[in-house]
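This is what each chain is made of:
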Amino acid sequence: MSSKLIAPSILAADFANLQRDIEMVNNSDADWFHIDIMDGVFVPNISFGMPVLKAIAKHANKTIDVHLMIIDPDRYIKTFANLGSDVLTVHYEACTHLHRTLQAIKTEGMKTGVALNPHTNISLLEDTINDIDLVCIMSVNPGFGGQNFIENTYNKVKQLKELITRKGATTQIEIDGGVTNKNAKQLVDAGADVLVAGSYIFKSTNQQETIKNLRAIANS
Ligand code: DX5
Ligand code: ZN
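What you see is a predicted model; the values in this text were computed from it and never measured.

### Looking at the layout of surface pockets
Volume-wise, the largest pocket comes out at about 300 Å³. Residue lining of the largest pocket: 26 residues in total, with G145, G146, G177, G178 and G198 positioned closest to the centre. Of all the secondary-structure elements, those providing two or more residues to the lining of the largest pocket are β2 (32-38), β3 (63-69), β8 (194-197) and α7 (199-202). Classifying every residue of the lining of the largest pocket gives 12 nonpolar, 11 polar and 3 charged.

Right, here's the structure in full:
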């Protein structure tokens, strides 16, 4: 069984001390950087864009997992590849031609990710799952950090795991929103592979210790 991964969400970092927080993640037990890009249209918030990602990528020495919460993401696939994204996740709800979008992400040499809002049913991935490297199950409504975890997520993880197994896919399952030491174990037991955590890590007093403990719980 491969290790379960921890992806600190940079949305919760201190933007006035971004390099410090990136080095903290570099020197921690974390596996990935989770980067939230919001356009103020698909979600009711604007986070940060390309120049900031460029600055992050300059210092980050782990996998860069980009979560696009933007409409019509096809316009920027090449741009995000050039910025150093390793995984590019688009929202199911933002893609009219999801299959085409996934092929375009692959063509640019990135891993394909699809995020599902809390209301979006797992069964909608029936025909694309074999083209998806990562499914990001939103365990909050996207747009903001620090929200409460939605309990129905456990059911969705189990349904997705069942779909992946049935289709013989190799897709990883990522959980995004409200992840803490309280739900990590249950999420992994349900089938999760990657846990994104923002506030829980960055608001803690010893961030590296929090990452270490969360990773240990996920792999226990
Ligand atoms: C929400 C973002 C999340 C967010 C998670 O739209 O996609 O990645 O940063 O933050 P927490 O862990 O604070 O819920
Ligand atoms: Zn995210």
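Right, picking up where we left off after that structure.
### Points about the site of ligand 1
In the vicinity of ligand 1 there are 20 residues, among which S9, D36, G143, D176 and S199 approach most closely. Within the side chain of S9, one N or O atom sits 2.7 Å away from an oxygen atom of ligand 1. Expressed as a share of its isolated accessible area of 380 Å², the protein-covered part of ligand 1 is 98%. Those elements giving two or more residues to the shell around ligand 1 turn out to be β2, β3 and β8.

### Overview of the coordination of the zinc ion (ligand 2)
Ligation of the zinc ion (ligand 2) by protein atoms is provided by H34 (NE2), D36 (OD), H67 (ND1) and D176 (OD), these donors lying 2.0 to 2.3 Å from the ion. Angles of 70 to 169° at the metal separate the 6 donor atoms of the zinc ion (ligand 2), which places the site in the octahedral class. Donor residues for the zinc ion (ligand 2) sit on one chain with the sequence pattern H-x1-D-x30-H-x108-D. One exposure class covers both H34 and D36, and it is buried.

### Observations concerning the pattern of salt bridges
Summed over all chains, the structure comprises 11 salt bridges. When the shortest N-O distance is used, the salt bridge between R20 and D21 registers 3.1 Å. Note that K167 is salt-bridged to E126, the shortest N-O span being 3.3 Å. One end of the pair, K167, is in helix α5 (residues 153-167); the other, E126, is in the loop between β5 (111-116) and β6 (134-138), with 41 residues separating them in the sequence. In this structure, a network of salt bridges that share partners links the residues E126, E162, R166 and K167.

### Structural notes on the packing of helix α1 (residues 18-26) against helix α2 (residues 50-59)
Remark: α1 packs on α2, axes separated minimally by 9 Å, with the N-to-C direction vectors making an angle of 45°. Relative to α2, the element α1 lies oblique. At the point where α1 passes α2, the crossing takes the right-handed sense. The segment α1 lies against α2, with L18, Q19, I22, E23 and N26 engaging V52, I56 and H59. Split into classes, the residues belonging to the contact of α1 with α2 amount to 4 nonpolar, 3 polar and 1 charged.

### A short note on the nonpolar core
Counting 60 residues, the largest nonpolar core has I10, I35, V66, L160, I175, L187 and L195 as its most contacted members. Top element by residues in this core is α5. It accounts for 5 residues. In this structure L187 touches F149, T153, Y154, V157, I175, V179, A192 and L195, once residues within four positions along its chain are discounted.

Rules used in this analysis
- Residues numbered from 1 in each chain as written.
- Chains lettered and ligands numbered in written order.
- Predicted model: local features only at pLDDT ≥ 70, side-chain atom pairs only at ≥ 80, totals over all residues.
- Heavy atoms only, no water.
- 1 Å grid on protein atoms, 1.4 Å probe; cavity = no way out; pocket = protein on both sides within 12 Å on 5 of 7 lines; lining within 4 Å.
- Points joined across faces, edges and corners; volume = space filled by probe spheres on them.
- Helix = DSSP H or I, 4+ residues; strand = E, 2+ residues; numbered from the N terminus.
- Nonpolar A, V, L, I, M, F, W, Y, C, P; charged D, E, K, R; others polar.
- Near = heavy atom within 4 Å.
- Polar contact = N/O pair within 3.5 Å; in protein donor to acceptor, adjacent residues only side chain to side chain.
- Areas by Shrake-Rupley, 256 points an atom, 1.4 Å probe, with all protein chains shown as cover.
- Donors = N, O, S within 2.8 Å, 3.2 Å for Na, K, Ca; no water.
- Tetrahedral: all angles 85-135°; square planar, octahedral: opposite > 155°, others 65-115°.
- Buried < 20%, exposed > 50% of the residue type's maximum accessible area, 1.4 Å probe, protein only.
- Salt bridge = Lys/Arg side-chain N within 4 Å of Asp/Glu carboxyl O.
- Axes fitted to C-alpha atoms, helices over the stretch in contact; angles between N-to-C directions.
- Parallel < 35°, antiparallel > 145°, perpendicular 65-115°, else oblique.
- Left-handed = near helix turned anticlockwise from the far one by under 90°.
- Contact = heavy atoms within 4.5 Å.
- Core = buried A, V, L, I, M, F, W, Y, C linked by side-chain atoms within 4.5 Å.

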